[in-house]
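Geometric and topological summary
One letter stands for each residue in the lines below.
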Amino acid sequence: MTAVAYAFRSYEFWLAYYRRVWRGSIVSSFVNPVFYLAALGIGLGTLVNKSAAPPGGVTYSHFVAPGLLAAAAMQIGSAESTWPVMGSFKWTRSYYAMASTPLGAASILAGHQLFVATRVLISATVYLAVIAAFGGIHSWLAVFAPVAGLLTGLAFSAPIAAFAATAESDTAFSTIFRFLVVPMFLFSGTFFPISRLPVALEWVAYATPLWHGVDLCRGLVLGTAHGLAALGHVAYLLAWIVGGLAVGRVTYARRLQR
Amino acid sequence: MDVSEQTPLIHARGLVKRFGDLVAVDGIDFDVHKGEAFGFLGPNGAGKSSTMRMIGCVSPPSDGTLSILGLDPQRDGAAIRAHLGVVPQLDTLDFELTVRENVIIYGRYFGLSRKELRRRADELLEFVQLDERADSRVEPLSGGMKRRLTIARSLVNEPNLLLLDEPTTGLDPQARHLVWDRLFRLKQRGATLVLTTHYMDEAEQLCDRLVVMDKGRIVAEGSPRELIVRYSTREVVELRFRDEPSFDLSTHVNGLARRIEALPDRTLLYTDDGDATADRIHELGLHPQSVLVRRSTLEDVFLHLTGRTLVEE
């Protein structure tokens, strides 16, 4: 129980820090979905809807919207666990301030991830509200979509934080975005069903945490989710989260002891 | 925390810290008692900071015995840290937050209530003379103010033991004196201080007792005065020559001084009567560019013990 209490003490630091910057981040978590849905749904969507049967039997904007919610969760989760994590070791050294108090490596990591979870949850909730405004909600199950977004974001942020704790420079972070985050954004089912991919790549897409997040969100918002498949998605995302936290606990402890 | 009067607050025997093949701390013994100001004096790389990080229970010892406040850092790290105040070598302040928020958030790490922390923050910021800057952000503060804020923050949990790793490194002389003044007041109130420094004047000002460290080992221990009496003479004559002196001074050591140290930029003559030695220099027909007679300091102790100066020029 003390470990949980300690994690919340470190979480308070991140909230105090967030109080100074939250306005900007709320605006971008509102503006981004509006822009994306306007461009892809109304712009690109009118072309897609004319040319072929829209995927999933809904208009393109309704198809793409829940995928974008999951993809945004991935991007926030990834960004919040790269530079801020390395910076807390190297630049602000705020992790070391915490480590000189009763807080240990595990609670320092957990407190930061709680904050990332808060950021992702806020963004996913705003996204859902924008989708609702565009009339894209087909099922009451949509209320769980922010939770699906949360799991998606943490499935990226936990392992990336574990890695960032070993980083000496930020060059690896550009690589993460260029070769993992951006390709997943484009090819993991956000914009088109992965069945359109060549078979080999389709299997790669199945392995990405983002596809599980996208498919889960889409199933909840469109009301097409199947119980077992949804549970499978949740379990897969949880595995990445738990694995990331377990490794992160070790990499954080090592870095703090050096 | 209940520690009986006889138990040292810190007890270390054969303490070792290794980083791979590098031995940062090579088997040191020391005790720190309640109410004492104890110093680790030595040049950069002597192992002072590694020792402090072991005492701070953030870096586990590689070998040896270490007990802090009567507890084992390996097993009771969190419980010990709850009663330590730490001023690290590099500031860990949160620049985006205000001066007061820095104290309060840090106090929250110890689980103190916000109400209590508001009270303590006001008190501590007044103590370090930052009460007028309480609502300003940290970033624009001067180096000395940041250092004093770090000290205020380290006191928020009313620690039994205050650890200061190079508390005034990088500060200008005026800022250093302000920090020393606050630390001196803490000492007068009975706080137990452990500090590292490579400034001999800092060690002389603040430490009741100190150990001189070099290459991971303790080479001497005592009060500043004891160390000077034991390892140096009362006075020192510093000579600077424009050119190389025409003959070797050391051949005259018996007539001039008890000991001579030739440094690249100056020659030090260790003597009990500096003025008499300075007079003899002129009688010998030597014409140094400058002659300075001064009292021995810990710098001279360090030079004698290691053959090197504390602050590399």
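Per chain, residue numbering runs from 1 following the sequence as it is written. Starting at A for chains and at 1 for ligands, labels are handed out in the order in which the entities are written. Two thresholds apply to this predicted model, a pLDDT of at least 70 for residue-level local features and 80 or more for giving and counting side-chain atom pairs, whereas whole-chain, interface and lining totals are computed over all residues.

1. Details of the domain arrangement of chain B
Splitting chain B by domain gives domain 1 (10-224) and domain 2 (233-295). One C-alpha centre belongs to domain 1 of chain B, the other to domain 2 of chain B, and the line joining them spans 39 Å. The source of the domain bounds is an automatic or database domain assignment.

2. Quick word on the nonpolar core
Nonpolar side chains in soluble globular proteins tend to end up buried together. Remark: nonpolar core denotes a set of buried Ala, Val, Leu, Ile, Met, Phe, Trp, Tyr and Cys residues whose joining runs through C-beta atoms within 7 Å. Each residue is classified by how many other C-beta atoms fall within 10 Å of its C-beta atom, where C-beta atoms are placed from the backbone; a count of 20 or more means buried, 12 or fewer means exposed, and values in between mean partly exposed. Ranked by size, the top nonpolar core spans 152 residues in total, and within it L69 of chain A together with L163 of chain B carry the most contacts. Only DSSP runs of H or I with at least four residues qualify as helices, and only runs of E with at least two residues qualify as strands; both kinds are numbered from the N terminus onward. A total of 14 residues in this core trace back to one element, the largest contributor, which is helix α6 (residues 105-133) of chain A. Contact definition: two residues whose C-beta atoms, as placed from backbone geometry, lie within 7 Å. Aside from chain neighbours lying at most four places away, what touches L163 of chain B is M52, I55, G56, L84, G85, V86, V87 and V194 of chain B. V237, L239, L268 and L269 of chain B belong to the second largest nonpolar core, which has eight residues in total.

3. What to know about the interface of chain A and chain B
At the interface, 20 residues of chain A touch 22 residues of chain B. Listed by contribution, the elements that provide at least two residues to the side of chain A that touches chain B are α1 (2-18), α5 (94-99) and α11 (227-257) of chain A. Three classes are used, and their members are as follows: Ala, Val, Leu, Ile, Met, Phe, Trp, Tyr, Cys and Pro are nonpolar, Asp, Glu, Lys and Arg are charged, and the others, Gly among them, are polar. Classifying every residue of the side of chain A that touches chain B gives ten nonpolar, six polar and four charged.

4. Quick word on the packing of α6 of chain A against helix α7 (residues 145-164) of chain A
Residue and element names in this part refer to chain A. Angles here are taken between N-to-C directions and fall from 0 to 180 degrees, while the axes themselves are lines fitted to C-alpha atoms, restricted in helices to the stretch in contact. In the contact formed by α6 and α7, the axes pass within 8 Å of each other and the chain directions differ by 145°. In the packing of α6 onto α7, the handedness of the crossing is right-handed. Mapping the contact onto sequence places L109, H112, Q113, V116, A117, V120, L121, A124, T125 and L128 in α6 and A145, P146, G149, L150, G153, L154, S157, A158 and A161 in α7. Here the residues of the contact of α6 with α7 are counted per class, giving 13 nonpolar, six polar and no charged. In this scheme the crossing of two helices becomes right-handed for a clockwise turn of the near helix relative to the far one and left-handed for an anticlockwise turn of less than a right angle.

5. What about the confidence of the model for chain B?
pLDDT: the predictor's confidence for each residue, scored from 0 to 100. Of the residues in chain B, 94% reach a pLDDT of 70 or more, and the chain-wide mean stands at 91. Under the prediction, the complex receives an ipTM of 0.90, its pTM being 0.90.

6. A closer look at the sheet that holds strand β11 (residues 259-262) of chain B
Pairing between the strands of a sheet comes from backbone hydrogen bonds, and it takes one of two forms, parallel or antiparallel. Residue and element names in this part refer to chain B. Here, a strand pair is defined by DSSP locating no fewer than two bridges between the strands. Strands sit in the order β11-β12-β10-β13 across an open sheet of four strands; the sheet is antiparallel. For this open sheet the edge positions go to β11 and β13 (290-295), each flanked by a neighbour on one side alone. Taken pair by pair, the neighbouring strands of this sheet meet at an average axis angle of 20°, ignoring direction. Of the strand pairs in this sheet, strand β10 (residues 235-240) and β13 are connected by six bridges, and their pairing is antiparallel. Looking at the pairing, E238 lines up with L292 of β13.

7. As for unusual backbone geometry
Of note in this structure, R93 of chain A is not a glycine but carries a positive phi near 60°. Of note in this structure, E158 of chain B is not a glycine but carries a positive phi near 50°. You can see E158 of chain B is positioned in the loop between α5 (143-154) and β6 (161-165). Overall, the presence of 11 C-beta atoms within 10 Å leaves E158 of chain B in the exposed class.

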